[in-house]
Each structure stands twice: as C-alpha cells, then as structure tokens.
2 protein chains.
Amino acid sequence: MFVSNIRHALNVKRADDFAQWYQEVISAADLAEESGVRGCMVIKPWGYGIWERIQRLLDDRIKNTGHDNCYFPIFIPLANFEREAEHVDGFAKEMAVVTHHRLIQDQKGKLVPDPAAKLEEPLVVRPTSETIIGDAMARWVQSWRDLPLKTNQWANVVRWEMRTRMFLRTSEFLWQEGHTAHADAAEAKEHTLRMLEVYRACAEEDLAMPVIAGEKPENERFPGAVETWSIEAMMQDGKALQAGTSHYLGTNFAEASGIRYQDPEGSQQLCHTTSWGVSTRMIGGVIMTHGDDDGLRVPPTIAPRQVVILPMLRGKEGDDALIEYCQSLHDQLAKQSAFGERLRVLLDTRPGKAAAKRWDYVRKGAPVIIEVGGRDMDNDVVSLLRRDQMWAENGKPDFQTPTREEAANGMQELLYAIQANLFQQAKERRDANIRTDITDIEGLKEHFADTAVHPGWVQVAWSKPTGADLDAVVETLKDMKLTVRNVPMDDTPTTGACIFTGAPAVERIYVAKAY
Amino acid sequence: MFVSNIRHALNVKRADDFAQWYQEVISAADLAEESGVRGCMVIKPWGYGIWERIQRLLDDRIKNTGHDNCYFPIFIPLANFEREAEHVDGFAKEMAVVTHHRLIQDQKGKLVPDPAAKLEEPLVVRPTSETIIGDAMARWVQSWRDLPLKTNQWANVVRWEMRTRMFLRTSEFLWQEGHTAHADAAEAKEHTLRMLEVYRACAEEDLAMPVIAGEKPENERFPGAVETWSIEAMMQDGKALQAGTSHYLGTNFAEASGIRYQDPEGSQQLCHTTSWGVSTRMIGGVIMTHGDDDGLRVPPTIAPRQVVILPMLRGKEGDDALIEYCQSLHDQLAKQSAFGERLRVLLDTRPGKAAAKRWDYVRKGAPVIIEVGGRDMDNDVVSLLRRDQMWAENGKPDFQTPTREEAANGMQELLYAIQANLFQQAKERRDANIRTDITDIEGLKEHFADTAVHPGWVQVAWSKPTGADLDAVVETLKDMKLTVRNVPMDDTPTTGACIFTGAPAVERIYVAKAY
Ligand SMILES: [Zn+2]
Ligand SMILES: [Zn+2]
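As the structure is a prediction and not an experimental result, all values here were calculated from the model.

Parameters and conventions
Residues numbered from 1 in each chain as written. Chains lettered and ligands numbered in written order. Predicted model: local features only at pLDDT ≥ 70, side-chain atom pairs only at ≥ 80, totals over all residues. Heavy atoms only, no water. Pairing = 2+ DSSP bridges. Helix = DSSP H or I, 4+ residues; strand = E, 2+ residues; numbered from the N terminus. Axes fitted to C-alpha atoms, helices over the stretch in contact; angles between N-to-C directions. Core = buried A, V, L, I, M, F, W, Y, C linked by side-chain atoms within 4.5 Å. Buried < 20%, exposed > 50% of the residue type's maximum accessible area, 1.4 Å probe, protein only. Contact = heavy atoms within 4.5 Å. Parallel < 35°, antiparallel > 145°, perpendicular 65-115°, else oblique. Left-handed = near helix turned anticlockwise from the far one by under 90°. Nonpolar A, V, L, I, M, F, W, Y, C, P; charged D, E, K, R; others polar. Buried area = accessible area lost by both parts, 1.4 Å probe. Salt bridge = Lys/Arg side-chain N within 4 Å of Asp/Glu carboxyl O. Polar contact = N/O pair within 3.5 Å; in protein donor to acceptor, adjacent residues only side chain to side chain. Least-squares fit on C-alpha atoms with pLDDT ≥ 70 in both. Domains from an automatic or database assignment. Phe/Tyr/Trp six-rings, centres within 6.5 Å; stacked < 30°, edge-to-face > 60°. Lys NZ or Arg CZ within 6 Å of the ring centre and 35° of its normal. Patch = residues over 30% accessible without salt bridge, like charges linked within 9 Å, V, L, I, M, F, W, Y side chains within 5 Å. Areas by Shrake-Rupley, 256 points an atom, 1.4 Å probe, with all protein chains shown as cover. Lys, Arg positive; Asp, Glu negative; His and termini not counted. Charge placed at Lys NZ, Arg CZ, Asp CG, Glu CD. Expected span 1.5 Å × (residues − 1). Arc of directions from axis to C-beta.

## Details of the sheet that holds strand S8 (residues 118-125) of chain B
So, point 1. Strands sit in the order S4(A)-S8(A)-S5(A)-S5(B)-S8(B)-S4(B) across an open sheet of six strands; the sheet is antiparallel. On the outer flanks of this sheet lie strand S4 (75-77) of chain A together with strand S4 (75-77) of chain B, each paired with one strand and no other. The average angle at which neighbouring strand axes cross in this sheet is 45°, direction not considered.
So, point 2. Both strand S5 (residues 97-100) of chain A and strand S8 (residues 118-125) of chain A contribute to a ladder of three bridges, which runs antiparallel. Within S8(A), the position partnered with A:Val97 by the bridge is A:Val124.

Now the structure itself:
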C-alpha cells in the first residue's frame, strides 16, 4: 500500500497477525461462526452462498467430464475399514463412532444412550467413501461394457480434529468426492490427471486462485493410494494450501471390495479405481488469496452478489424517486450476463445508513458497490467502487462517477476485469515469492529463518527418496516446520544433486510451510 | 387399460401387488438400491437426478420467499434435546448416537471404539435441526430490526427406523429444512402458511402431484409444535402420503433456546418460530402418483432427461450418417427451453440395440423417446413415443412419425402437454376416489372393508376432539388401519354431527390409510 493514511475496515492487518486477520475476515464478512458443537461450524448466508457458487460451477465441470451424481450412505460399517490395510491406518484413528440407536432417560431424568439399543457392529460417520462406494461398484460392474464407471457425490464428511480452524480444518466439512472405475491402469491414471486439471481450472478460472498442479511425494499419499496428485495454492503469508487432491488407487480398493469385470475375452479382471475431492477448505483458500486489510474480496464468478446498489435513503420524500432510479439500474443489470450466467445484483433498500452498509459490503467483498445519492440522481450518474482497487491515492475510497447508462453498459466488462485482476495479483505475488536458487539445507534454513523476507515457497532438486530415506527428509523438514508439497506436472527434468540426500536429483519439488 | 394384449415392461402390476410393484419400479427405473448399511439406501444417477431437479426448483421457490441457505452442524449435543419437553419425547427415541471419536484394534486385530476416546457428552446425528438452529438464532437475533430471520438448509438427517422402505422411510434421508423467527404470532402463522403454499405449488406444478393442503390434527403434530400443516397426496393404491409439513412452533423453541429480541419500545420479547421440510420421500410420491405397469413416468419438469434420442445403430456403414441426423435434432432441441430452462436432451449412441434401450427409458420414464432408423432418416421423419400415453389401441407402442422439423418445433409444446396430462390424470383419479357421503363409523368400516372398490379417502365431519377424546378416535381408526390426515385449509365450515363423538361437527377431516 503506497499510502499510509488509509483507515482500513479491519482491526487486524495481514502483516501484523495473519492468523488473527483470517479469523477477523471470517467474522467481518459474516461467512461462518463457531457452532458450540466441538469442531463444527455454522456456515452463514454469505459463506454458504460462495459455496453454492463453487458447487454449481464445479458440478458443471464434473458433469461435463461424464460423471453422474449419486448419494451413498453416511454410515460405514467397521468391517469396511478393515479390508484395506493402509486405508484403515490412515483413517481409523479419528472418526465419529455411532454405537447406539436410541436414548433413554436415566434415573435422574438425564438422556443417555440406551444400553438395550447398542449396535452389534458400530458404524462410522464417513470420513471419505472409498469403501462404501467400492461395495456399490462391485455390484454395478460386471462386464467391460460397464466401464468406465464415473460417479460423484456432494456430501458432508467427518474427521475428528483436535485443533480446528474454520474452513481449513473442521471436524465436519462439506465436499464433493468423485469415484471412478476403469479397465486398466493407463485409463485410470489418465482420468486421475483429467480431474486434477478440472480442479486446476476451477481454482484458477472460477476462484481466481493460481495453483501448482503436481504429484505428492509418497509420504503425503492418500491412505491406500498408489499416486496422489494435488493443486497447491500460495496463501498471502507464504504458506501452501492443498486445495484439492486426485488419487490413482491402483487395484487396492478394487481388491478389497471385489470390483471385477469380465474382459472381452471372458476372463475376470480387477478394476483400477480413482478418487478425488475438494471441500469447503476452498473457501479458506479464497479468503487467504484475495482478502485484504478491509476484509474479503470475492471473485465475481463466485460472489453471491456481484453488484450491490445502495441508495442513500434519508427517510424523506425524495426516497421513492431514488429507489426508482436505483431499481431501473438494477433491472438493466439483472438482464445482463457474465461468465455464462445472469448477473447477481442486489438493491439494498433496508433501513440504515448507506455508508454503514457500504462498509458491510466492503468487508464481505462484493466486487462492485454502487452508491446513489440525490445529487447523483440529479446528474444521472452513480458512485461506483471497485472492491479490488478501492483506495485512491489520497487515502479515500476511489469512487468513479459514470453515468447510469455507462455503469449499466460497462458492468459485464468490469466484472471480467475484476476477475482477471484478482487472478493477476495473486499470480504475481506467488511467482515473486518462489525461490529456485537454493541448493543446500543450510540455505533452506537461512531462507525460512529470515523474518525480513516473505517466506513463500522454495523449489529444490531432489532424488525422490522413498521409505526410510524419505522419512529422514520429512524429519529434517519437520524440524524447520516445513513440508514437501508437490512436484509440478509440467516441470522439465532436472540435474544436479538432491539437497537432502546428495544423490543425483531426478525432479524438483516444492518445500513450504503449509496449512 | 382398455386393451388386454399389451405386454407390459414390469413383472408385477399395480393392481396385483402394489408394494411389490413399488419395489420393482425403483429397481427397473434404476432409482436406488439397498446399500448393505442398515436402513440406508444408495440413490443412483436417475433417482438422484430427479432429486437434483426437485432441489433446484424448490430452492428457487424458497429463495424467492426471502430465505438464505446456511449450513448447520450434523451433530447435536444431548442437552439440546432435554430443553424442549415434547421435542425430546418425540425424537429422543430412535436416533444415531455418537459416543466415541476414535477406533483402535483390539487384541485380535479387530477395530473397536477406543475406550480412551469416549465422548464426555454423547452427540446425536441430527434427526432435525430446530434446537441447533435455535441456538444460532439466539445469537443472531438481538433487535426487532433483525426480524424476520429466514434460513434454510439442505442436509442429510437420520432417524433410526426398524422397518424401512426406499424413499418412503429410510434411516438416513435427504431433505431441506427451513427455519424462521418472527416478532409475533400473526406473522409467524402467516409464514407457516406461505411455505405450505410453496410446497403445494412445488408438488402440483413441478411434480405434477395433486395435494390437499391442510392442518394436521393435534395427535399428528410435530413434537413441540403449536400447529402442524401438511400437503397430502393420494397414491394409486388410495393411501395418503404426507409429502411435506410446515409447523408454527409458537414460542416453545424460542423459550428453550432463548431466542429473544428487543422491541421498538426497548423491552425483551420471545420470538415466534416456524419450521418446514420436504425430503427424498417426495420421490416415493412421484413413483406412486405417476408410475404405471411399464415403470416410472417422470414429469418433464423434474426429468433428468426430457427427451432421449435413440439412433438404431447397426454397426455398419450407415451409422455415421444416422448419428449425424440425430445429432442435428439433438442440437436443435438443446437450444430450446421449457419451464424456464434449457431442454435436457440425451443422444444415446452407446452400443446396444435401440429396442432394448427404448425399454430401459420406458422403465425410467423419460417423457419423450425418439427412435431413428435408416428408413426414418430417408423419409426425414423420426419415431416419437410419448411415455404418458404410450400404448396404441392395437396393444403396440403408439409411435408417431413427425418430420424431424415438426418434432423439433413441437417439442416445447409437447412437454407442457405431458406435464399437464400427468397432473390431470392424477387429479381425476384422486377426485374420483374421495367419498364425502359417509356419516357414521359403520359406513367407514364398510367402505374400507369392501375390497371391490378403490379405498381412497373419506372426508368426514368431526368435532375436533382433543386429549383423551382424540386418543379414543385415533384408537378406533387404528383398529381399521386408518388415520386422520388433515383438514383442508379452504374448506367451508360444516354442520351436522361428528362421526366419532356425536358432538356437533366443526370441520371436515380426511381419513385414509397412509404411508
Ligand atoms: Zn501404498
Ligand atoms: Zn404442544
């Protein structure tokens, strides 16, 4: 910020306390709040509206790749988890376990689980649905003609978390999980990458959030997966956020659930399966990518309201004419489209001062805020604020005053410009904060210890160690609070020595602090 | 059916075994299946597609009445249920209770709930969310300016059921639950009825399912409600299906959760709240309203695919031209709209015989099925089957052969006609099977005992008994396997004597067997 006399809308600045700033944005933008139930949040209208937008856009992309939506049970029998060894290790730890199906009142009148209604076999609230969908696939797939089988579901899942953070890590969260079965490894791997590309496109085009798509190292694989791929986004504090994953599961789950098909020659074959998911965590990514010291900035594609019109009502006679003037602008805008959909325009005529409402929508991050006072109306203009560049050099909100006609005619273009600008800002910041010139662990340590520079990410050459060698690398990094993120898919092969093992490097991997 | 030589697509006819027929439709139309998890079903693409359509249309209606969608936790602390006495009695019985948050392997290697991870306070998987949303409302409502507060959520809920039936009664189901808070009783009651009207419109206009909107008698009220209203639909076996309910909750839940506001004069007041929901049960209603002996018939508004085009491929040279011919029809149709949305058209070029596919889509109930063979193409026509009137007098499928141009140009009108026809058929059947001339219990008994007539519903005069008097009525009816349904809202006052108590009648109530 080149001016210092701005009075920002939030109490905490990103630079001062990023974690605290994150919480304040969530509260100031009225996105979500603690529910009182351990680890679960209430997603409020503006936050849920963003999720509905993400759902709609991503659902279209998923359907366009030939998937049908289904719905599978929330409860998973314990036995399902015992089938796949790595999967149970990965998930059996922190899950919500249903043991009773009835409550009764005890002698003091307090409700307790009824001992007579204990389940013979406890049920787990799904942390993910590979095993239960695997059961269904085993029923649905008989012949090679049934393949590929491409399903998806939108659902809530539960993973018991000790330390929670709204949107980033909650015990219950909302997500989509896609599951497919294929005849062979090549097709399944291709599909794993195809869905990774869907996630990249969704993140970058819909959420204006630049990501690196690449493969996770072995230690970061989904429990039971053969390959795990991710999209990783850089938050404004330099940390990495894993925003979506796509897994090639080999035949591990097919074997555990018995997903077999008869090939054209008549012999039985195991299917190769994939799974992939993104969640409400994406909203955390949007906040930490686009938020600023005035609150959230929502990209127009996913903004519940793209344009908010605020007549400066005075509780006086002129109000009716003012509302009519605004209504006409509203109607002109509401007929238009951008990003393939009708514009989402709000004319807010609730009682209250326009300036107070303006700051509400600034904190919520509505892309365009239009204020209209009596004088604007007399001059046939409106006062228009772009949320993505809202401060003028004088430290005041940078209102433009197009005619009403200009505002209406230019809105589509303006929204596209805001969307592009948000992406551009985020991409420039990310690219400026990636270092590729560090060649030893000492350099890594120094870089991340230097509080004067933005930490960002470091891409290093490595030898792709496995097993105990990899464990050692992970341990070394853990001491620095660092993790390996992913190996970008389009990276050129590398030369030189692995900075961890000294062995010849085979690829370059991102190292970063992470959420 | 006026012809007897039809070979219907299902094995079981409605007239022979309605319950068995219902199960066969679900399986033949590929709507859902048992999951292997007690009481939970898997909703398959065609069934979930119908649910997505219902969701989209109803969500628009709910948003148009000023509601915002939110999301609330799946887990509800036990203490919440203890607050409202009637509510706990109504719900505390059969619920899924989470008691542990971790699994471990026992000595035999079997997964068991970890005794060290027992929850201090068990959590209930929500059977409905009045109490947890009440907590949120208590935080959100401070002043009269915050009212009315109108929320809605789309979610899964769990009520442990001993005997389950797909879509009609499952332990887990999907629904929408709306919750509102108002300043006074009059506004809350008005809103209760407004949402009942939304449900009526959704049932009749979107699902083509005629319903009676009315008030439930005291014994059928939602636990904790002051008034419960419902829409009731007559299934083809004459039974009533409660397809949606809207409750005026008085100040009961406001008191339990502390939902208070400061009125303009500065004193604290309790809010009056409402709640209302419809669920995947609606799909059961669609099946039993529109299904026939050939499978499901889906109203065009909610059909995942409204038009299915089946080229009669022969694995030969002419196939390419045939597909091109069909593709052009597909593209012409896909540009058109009906019911405010783009037409949903499927061109099915998968391998397989067109006739076999035709019967698949007949069983699924796609509104319009178009077959195109080489000869059709040569004559520039298509063979078009209306699923709602598919049999000709000669007992064969009643294919029409419009030119391709006629088929394309007439499709919008045809879909409206099918929608209207399905509603009309259902309404005529319902109206023909309501008796209003029965004036004593003996008559009621005789009517429902007579297996030669369609049982349907009987509307009787009653004195609106309460307490023990009502219990006696319920008991009498129970012996006949009957229930009181609702009192239609627009009914004129009645005279005469209550058929149960002999006291002067005050209104007329429907009596029926029910799902
Ligand atoms: Zn492995
Ligand atoms: Zn009561």
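Here the narrative resumes, following the displayed structure.
## Description of the nonpolar core
So, point 1. By size, the foremost hydrophobic cluster in this structure holds 77 residues, and its most contacted members are A:Phe75, A:Val98, A:Val125, B:Phe75, B:Val98 and B:Val125.
So, point 2. Setting aside residues up to four positions removed in sequence, A:Phe75 forms contacts with A:Val98, A:Leu123, A:Val124, A:Val125, A:Ile132, B:Val37, B:Cys40, B:Ala96, B:Val125, B:Val158 and B:Trp160.

## Some thoughts on the packing of helix H1 (residues 18-28) of chain A against helix H8 (residues 281-290) of chain A
Residues and elements named next belong to chain A.
So, point 1. In contact at an axis separation of 11 Å, H1 and H8 are set at 110° when each is read in the N-to-C sense. Classed by the angle they form, the pair H1 and H8 counts as roughly perpendicular. The two elements H1 and H8 cross, and the hand of that crossing is right-handed. On H8, the residues touching Phe-18, Trp-21, Tyr-22, Val-25 and Ile-26 of H1 are Gly-284, Ile-287 and Met-288.
So, point 2. Tallied by class, the residues present in the contact of H1 with H8 amount to seven nonpolar, one polar and no charged.

## Details of the interface of chain B and chain A
So, point 1. With 60 residues of chain B at the contact, the number on the chain A side is 60 residues.
So, point 2. Between chain B and chain A, roughly 5,200 Å² of surface is buried when both sides are summed, and carbon and sulfur atoms account for 63% of that area.
So, point 3. Ranking the residues of chain B by area buried against chain A places B:Tyr71, B:Leu103 and B:Leu111 at the top, with a combined share of 13%.
So, point 4. One salt bridge connects B:Glu121 with A:Lys110, and the closest N-O pair in it is separated by 3.6 Å.
So, point 5. In this structure, the connection of chain B to chain A is made through 32 residue pairs in polar contact (both at pLDDT 80 or more).
So, point 6. Note: S5(A) against strand S5 (residues 97-100) of chain B, three bridges, orientation antiparallel. Bridge assignment links A:His100 to a residue of S5(B), and that residue is B:Val97.

## A look at the pairing of strand S16 (residues 272-279) of chain A
Residue and element names in this part refer to chain A.
So, point 1. S16 sits mainly inside the fold: eight of its eight residues count as buried.
So, point 2. What you see with S16 is no split at all: His-272, Thr-274, Trp-276 and Val-278 on one side and Thr-273, Ser-275, Gly-277 and Ser-279 on the other are buried throughout.
So, point 3. Bridge count for strand S10 (residues 172-182) against S16 is eight bridges, and the pairing is antiparallel. Within S16, the position partnered with Ala-181 by the bridge is Thr-273.

## Describing the relation of the copies chain B and chain A
So, point 1. Take chain B, turn it by 180°, move it 0.0 Å along the axis, and it overlays chain A with an RMSD of 0.0 Å. Seen this way, the second copy is the image of the first under a two-fold rotation axis. No C-alpha of chain B approaches the rotation axis more nearly than that of B:Val98, which lies at 2.1 Å.
So, point 2. When you check the interface residues of chain B against chain A, 100% turn up at the interface there too, and the contact is symmetric in its surfaces.

## Remarks on the sheet that holds strand S3 (residues 68-69) of chain B
Residues and elements named next belong to chain B.
So, point 1. What the eight strands build is an open sheet, ordered S3-S9-S10-S16-S13-S12-S11-S26; its pairing is mixed. The outermost strands of the open sheet, each flanked by one partner alone, are S3 and strand S26 (487-488).
So, point 2. Of the pairings in the sheet, the one linking S3 to strand S9 (residues 149-158) comprises two bridges and is parallel in character. Within S9, the position partnered with Asp-68 by the bridge is Thr-151.
So, point 3. Taken strand by strand, helix H2 (residues 45-64) contacts S3, S9, strand S10 (172-182) and strand S16 (272-279), and its axis lies near 165° from that of S9.
So, point 4. Each of S9, S10 and S16 touches helix H5 (residues 130-140); the most contacted strand, S10, lies at about 30° to it.

## So, the domain arrangement of chain A
So, point 1. What the domain assignment lists for chain A is domain 1 (50-290), domain 2 (305-417) and domain 3 (434-512).
So, point 2. On a C-alpha basis, the centroid separation for the pair domain 1 of chain A and domain 2 of chain A is 41 Å.

## Overview of the packing of aromatic side chains
Where two aromatic rings form a pair, the distance of their centres and the angle of their planes describe that pair.
So, point 1. Counting across every chain of the model gives 20 aromatic pairs over all chains.
So, point 2. Just above the ring of A:Tyr515 sits the side chain of A:Lys239; from NZ or CZ to the centre is 4.8 Å.

## A short note on a negative patch on the surface
Residue and element names in this part refer to chain A.
So, point 1. A cluster of acidic residues, Glu-86, Asp-89, Glu-218, Asp-469, Asp-471, Glu-475 and Asp-479, forms a negative patch on the protein surface.
So, point 2. Secondary structure elements with two or more residues in the negative patch: helix H4 (85-91) and helix H14 (467-479).
So, point 3. A total of four residues in the negative patch trace back to one element, the largest contributor, which is H14.
So, point 4. Within the secondary structure layout, Asp-469 lies in helix H14.

## A look at the pattern of salt bridges
Residues and elements named next belong to chain A.
So, point 1. Under the counting rule described, the total for this entry stands at 62 salt bridges over all chains.
So, point 2. Among the salt bridges present, the one from Asp-59 reaches Lys-63, with a minimum N-O distance of 2.7 Å. Remark: Lys-63 and Asp-59 occur in helix H2 (residues 45-64); sequence separation between them is four residues, near one turn of the helix.
So, point 3. Relative accessible area serves as the criterion here: at 8%, Asp-59 is assigned to the buried category.
So, point 4. In this structure Lys-63 comes out as partly exposed when scored by relative accessible area, which is 34%.
So, point 5. For Asp-206, the salt bridge goes to Arg-61, with nearest N and O atoms at 3.1 Å. Of the two residues, Asp-206 sits in helix H6 (residues 185-206) while Arg-61 sits in helix H2, which places them 145 residues apart along the sequence.
So, point 6. Looking at Asp-206, the relative accessible area reads 7%, which means it is buried.

## Concerning unusual backbone geometry
Most peptide bonds are trans, and most residues other than glycine sit at a negative phi.
So, point 1. With omega at -10°, the peptide bond leading from A:Leu147 into A:Pro148 counts as cis.
So, point 2. Take A:Pro148: it is sitting in the loop between helix H5 (130-140) and strand S9 (149-158).
So, point 3. One non-glycine residue with positive phi stands out, namely B:Asp380, at about 55°.
So, point 4. Relative to the elements of secondary structure, B:Asp380 occurs in the loop between helix H11 (374-378) and strand S22 (383-386).

## Observations concerning the environment of A:Ser275
All names here are of chain A.
So, point 1. For Ser-275, the location among the structural elements is in strand S16.
So, point 2. Given the relative accessible area of 1%, Ser-275 is considered buried.
So, point 3. Taking C-alpha positions, Ser-275 is 9.1 Å from Ala-225, a pair spaced 50 residues apart along the chain.
So, point 4. Beyond its immediate chain neighbours, meaning those up to four positions away, Ser-275 contacts Glu-130, Gly-178, His-179, Phe-222, Thr-245, Ser-246, His-247 and Leu-249.
So, point 5. A polar atom in the side chain of Ser-275 sits 2.6 Å from the side chain of Glu-130.

## Points about helix H9 (residues 319-334) of chain A
Residue and element names in this part refer to chain A.
So, point 1. In a regular helix each residue adds 1.5 Å, so 16 residues correspond to 22 Å; H9 covers 22 Å between its end C-alpha atoms and thus fits that length.
So, point 2. Inspection of H9 places Asp-319, Leu-322, Tyr-325, Cys-326, Leu-329, His-330 and Leu-333 among the buried residues, and these make up the whole buried set. Down the axis of H9, the smallest arc covering the buried residues is 140°, so these residues share one side. Exposed and oriented more than 90 degrees from the buried face of H9 are Asp-320 and Glu-324.

## Here's the deal with the side chain of A:His100
All names here are of chain A.
So, point 1. Secondary-structure assignment places His-100 in strand S5.
So, point 2. The class of His-100 is buried, set by a relative accessible area of 12%.
So, point 3. Within the structure, the side chain of His-100 is placed 2.7 Å from the side chain of Thr-99, a separation counted as a polar contact.

## Considerations on the packing of H2(A) against H2(B)
So, point 1. Remark: H2(A) packs on H2(B), axes separated minimally by 15 Å, with the N-to-C direction vectors making an angle of 155°. Between H2(A) and H2(B), the angle is such that the two are roughly antiparallel. The two elements H2(A) and H2(B) cross, and the hand of that crossing is left-handed. Taking contact as the criterion, the partners of A:Glu52, A:Arg56, A:Asp59 and A:Lys63 in H2(A) are, on H2(B), B:Glu52, B:Arg56, B:Asp59 and B:Lys63.
So, point 2. Here the residues of the contact of H2(A) with H2(B) are counted per class, giving no nonpolar, no polar and eight charged.

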